[in-house]
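As a plain string of letters, each chain reads:
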Amino acid sequence: MASELCPSRGVVTRFAPSPTGPLHLGHVAAGFFAARHAAPSGRFLLRIEDIDMRRCRQQFIDETLEDLAWAGLHWSGAVIRQSGRMGLYRETLEVLTDRDLVYPCFCTRSEIAREVAEAASAPHHAPDGSLVYPGTCRSLDAATRVRRIAAGEPYALRLDVRRAMAEIGDGPLTFREADRGDVVCDPLAFGDVVLARRDIPASYNLCVTQDDAAQGITLVTRGEDLRDVTAIHRLLQELMGWPAPDYMFHPLLCDAMGRRLSKRDGALSIRAMREAGMTAGAVRAAAGVGLLSEG
Ligand code: GLU
């Protein structure tokens, strides 16, 4: 799997935006952060993470490529789109299902919220703030699963994290932070995460991990908000025999009020800055390009 797309030597980094809105300064900062860590002799790749068909738009993909190029970001090789790789993610889900590491979960969001509230002893929230699934459907017998699926009940596929941890064996699971050394991580804190559901047939956690392996990424750079969930990526790597890249996490850009820049909150887009006459150099400076690498 690791050599499926482009085996390569040296540091290989990538920028992997989700085209759900216009690019803002945070994207420019993150893209250049990744590119700088591949320089001078490595490779910097661009991947479009467009698995959420309801929110991703072709227009945003086109604008993303154009805006990044205008800002002066240069990537190697072809741009990979996750929407074209669903068959590969499905194969991984089949492997995990055959190994009994994945199970169908029929719970709705409101059922999960109620179950979590009732399960007083278990931790309610994962490190990323999401609810920890209490495992209700984990123990359903095979006949019930088959009957409910045959009846057309919608379901998600969840990773049985306890079983997966048992399978990879003893010893702490760690990832290597390139600038800090080994970090012990805890997939159990996330509970049985969703790897696929009806509207999004493969989850961010699965696709990002599989593609980093397939593209031979040796250094994953991403925002600090994704540090904790790296635990799930490390678990998937161990389960699938994918190599473990190094990691670096950069701070997220915030507005004057200290709020993280976000497409949803209408952070000023690169396109708007460009149309207002800002130069690419001024946009890079506003994104603190160069500063994040130091800090
Ligand atoms: N596609 C993810 C995002 O836009 C980032 C992927 C990653 O770096 O893990 O937030």
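Residues numbered from 1 in each chain as written. Predicted model: local features only at pLDDT ≥ 70, side-chain atom pairs only at ≥ 80, totals over all residues. Heavy atoms only, no water.

An unreviewed UniProt entry lists the protein chain under the name tRNA glutamyl-Q(34) synthetase GluQRS, from Acetobacter oeni. The UniProt entry for the protein chain carries the following comment under Sequence similarities (unreviewed entry): "Belongs to the class-I aminoacyl-tRNA synthetase family." (UniProt positions renumbered as here; feature names shortened; annotations may be inferred.)

**Q** How should I be thinking about the pattern of salt bridges in this particular structure?
**A** Oppositely charged side chains can pair when the atoms bearing their charge come close. All told, the structure shown has 25 salt bridges when counted by the stated rule. The partner of E66 in a salt bridge is R271, and the shortest N-O contact between them spans 3.3 Å. Separated by 205 residues along the polypeptide, E66 in helix α2 (residues 58-71) and R271 in helix α9 (residues 270-275) bring together distant segments of the chain. We classify R271 as buried; its relative accessible area is 18%. A salt bridge links R148 to E153; its shortest N-O distance comes to 2.9 Å. By sharing partners, the salt bridges in this structure join R14, R47, E49, R85, D211 and D212 into a single network. (Salt bridge = Lys/Arg side-chain N within 4 Å of Asp/Glu carboxyl O. Helix = DSSP H or I, 4+ residues; strand = E, 2+ residues; numbered from the N terminus. Buried < 20%, exposed > 50% of the residue type's maximum accessible area, 1.4 Å probe, protein only.)

**Q** Before we go on, may I ask you to explain the nonpolar core in this structure?
**A** For soluble globular proteins, the rule of thumb is that nonpolar side chains tend to be buried together. Counting 40 residues, the largest nonpolar core has L96, L159, L195 and L235 as its most contacted members. Residue assignment for this core shows that the elements contributing at least two residues are α3 (86-98), β5 (156-159), α6 (161-168), β6 (173-177), β8 (194-196), α7 (204-214), α8 (230-240) and β10 (246-250). The biggest single contributor to this core is α8, with 6 residues. Setting aside anything within four residues of it in sequence, one finds L96 in contact with L101, V102, L195, L236, L239 and M240. Residues A29, A34, A38 and F44 belong to the second largest nonpolar core, which totals 20 residues. (Core = buried A, V, L, I, M, F, W, Y, C linked by side-chain atoms within 4.5 Å. Contact = heavy atoms within 4.5 Å.)

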